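What follows is each chain in one-letter form.
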Amino acid sequence: MRTLGPGKLVIASHNEGKVREIRDLLGPYGVEPVSAAELDLPEPDEIGVNFIENADLKARQAADLSGLPALSDDSGLCVEALGDRPGIFSARWAEAEDGSRDFFRAMQRVEDELAALGPDVSRDAHFVCALALVWPDGESEWFEGRVEGTLVWPPRGSRGFGYDPMFLPLGGEQTFGEMDPADKHRISHRANAFRKLVAALF
Ligand code: IMP
């Protein structure tokens with residue numbers, strides 16, 4: 001397997017929350033992260049059928065267009081009683097007709113769909129993070145991480161992003177929305193996927 005040396009690495013995401021977390025996670029490894037937005041790269045349509053396919057297509061396009069190694073993250077919330085939805089459609093559940101994103105709306109939809117299944121429904125859920133690293137010559141490596149938890153209602157906390165305020169990690173007392181970001185970074189799906197990436201590539 002190739003290793004990743006110092007130098008620029010494109011973070012192939014237009015999601016500022018993710019870019020910020022990835023910068024924090026890569027901080028200690030001497031790479032110089034540049035975001036797809038900073039390079040004005042387009043956002044490809046996520047037409048993959050799973051997290052890995054979507055991560056790969058985003059990183060592949062960024063590597064092709066920039067001539068630099070590119071890393072992308074495709075992630076989402078899988079709710080077991082909803083057949084693992086919203087899954088790869090997690091961002092889409094937050095979209096309004098005008099294209100803006102409102103995660104309270106997405107969390108409300110999760111809650112409404114769970115409520116429709118009755119009071120005894122399981123509230124178990126997990127976040128998944130698939131990472132794809134693609135070099136400009138097309139070679140790629142993939143890593144996947146997850147974190148198990150349960151969903152609370154109403155949402156709690158204003159830190160983090162996306163579905164964080166309703167996700168209580170297994171054994172924890174604070175939701176990802178209440179937690180200090182450094183604590184989230186120790187246990188999250190993204191942290192678990194990054195641990196695998198770091199072990200393999202640095
Ligand atoms: P995509 O990977 O850009 O398609 O979008 C993933 C979506 O999943 C995000 O917009 C969030 O809604 C959700 N998501 C992924 N990771 C997290 C997380 O760490 N916290 C909360 N929501 C997340």
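Our subject is the structure listed above.
Note that this is a predicted model, so its numbers are computed, not measured.

S.K.: Break down helix 5 (residues 189-201) for me, with residues and values.
M.R.: Taking 1.5 Å per residue, 13 residues should reach 18 Å; helix 5 reaches 18 Å between its end C-alpha atoms and fits that length. When helix 5 is considered as a whole, its buried residues turn out to be H189, R190, A191, A193, F194, L197, V198 and L201. Looking at the packing, one finds that the buried side of helix 5 touches helix 1 (16-26), strand 3 (70-79), strand 5 (124-134), strand 6 (140-151) and helix 4 (181-187).

S.K.: Give a description of the environment of R195 that names residues and reports values.
M.R.: Counting through the fold element by element, R195 comes out in helix 5. For R195 and E139, which are 56 residues apart along the polypeptide, the C-alpha to C-alpha distance reads 20 Å. Polar contacts involving the side chain of R195 include one to the side chain of N192, which spans 2.7 Å.

S.K.: Break down unusual backbone geometry for me, with residues and values.
M.R.: Geometrically, the link from R85 to P86 is a cis peptide bond, its omega value of 0 degrees lying close to zero. Residue P154 is reached from W153 by a cis peptide bond, and omega for that bond is 0 degrees. Examined against the element boundaries, P154 turns out to sit in the loop between strand 6 and strand 7 (167-169). Not every positive phi belongs to a glycine, and D84 is a case in point at roughly 70 degrees. Here D84 lies in the loop between strand 3 and strand 4 (85-86). In this structure D84 comes out as partly exposed when scored by relative accessible area, which is 35%.

S.K.: Run through the site of the ligand, naming residues and quoting values.
M.R.: Around the ligand, a shell composed of 19 residues is seen, among which K18, F103, D164, K184 and R190 lie nearest. Contact distances for the ligand include 2.6 Å between an oxygen atom and a side-chain N or O atom of K18. In the model, an oxygen atom of the ligand is placed 2.8 Å from a nitrogen or oxygen of the K184 side chain. Starting from 490 Å² of accessible surface for the ligand in isolation, the protein chains cover 97%. Elements supplying a minimum of two residues to the shell around the ligand: strand 3 and helix 5. Of the residues forming the shell around the ligand, the biggest block, four residues, is contributed by strand 3. For the shell around the ligand, the per-class residue count stands at five nonpolar, six polar and eight charged.

S.K.: Talk me through the side chain of S188; I want residue IDs and the actual numbers.
M.R.: Tracing the backbone shows S188 in the loop between helix 4 and helix 5. The class of S188 is buried, set by a relative accessible area of 1%. A distance of 3.0 Å separates a polar side-chain atom of S188 from the backbone nitrogen of A191. Dropping the residues within four chain positions of it, S188 is found in contact with V147 and F176.

Definitions and cut-offs
Residues numbered from 1 in each chain as written. Predicted model: local features only at pLDDT ≥ 70, side-chain atom pairs only at ≥ 80, totals over all residues. Heavy atoms only, no water. Helix = DSSP H or I, 4+ residues; strand = E, 2+ residues; numbered from the N terminus. Expected span 1.5 Å × (residues − 1). Buried < 20%, exposed > 50% of the residue type's maximum accessible area, 1.4 Å probe, protein only. Contact = heavy atoms within 4.5 Å. Polar contact = N/O pair within 3.5 Å; in protein donor to acceptor, adjacent residues only side chain to side chain. Near = heavy atom within 4 Å. Areas by Shrake-Rupley, 256 points an atom, 1.4 Å probe, with all protein chains shown as cover. Nonpolar A, V, L, I, M, F, W, Y, C, P; charged D, E, K, R; others polar.

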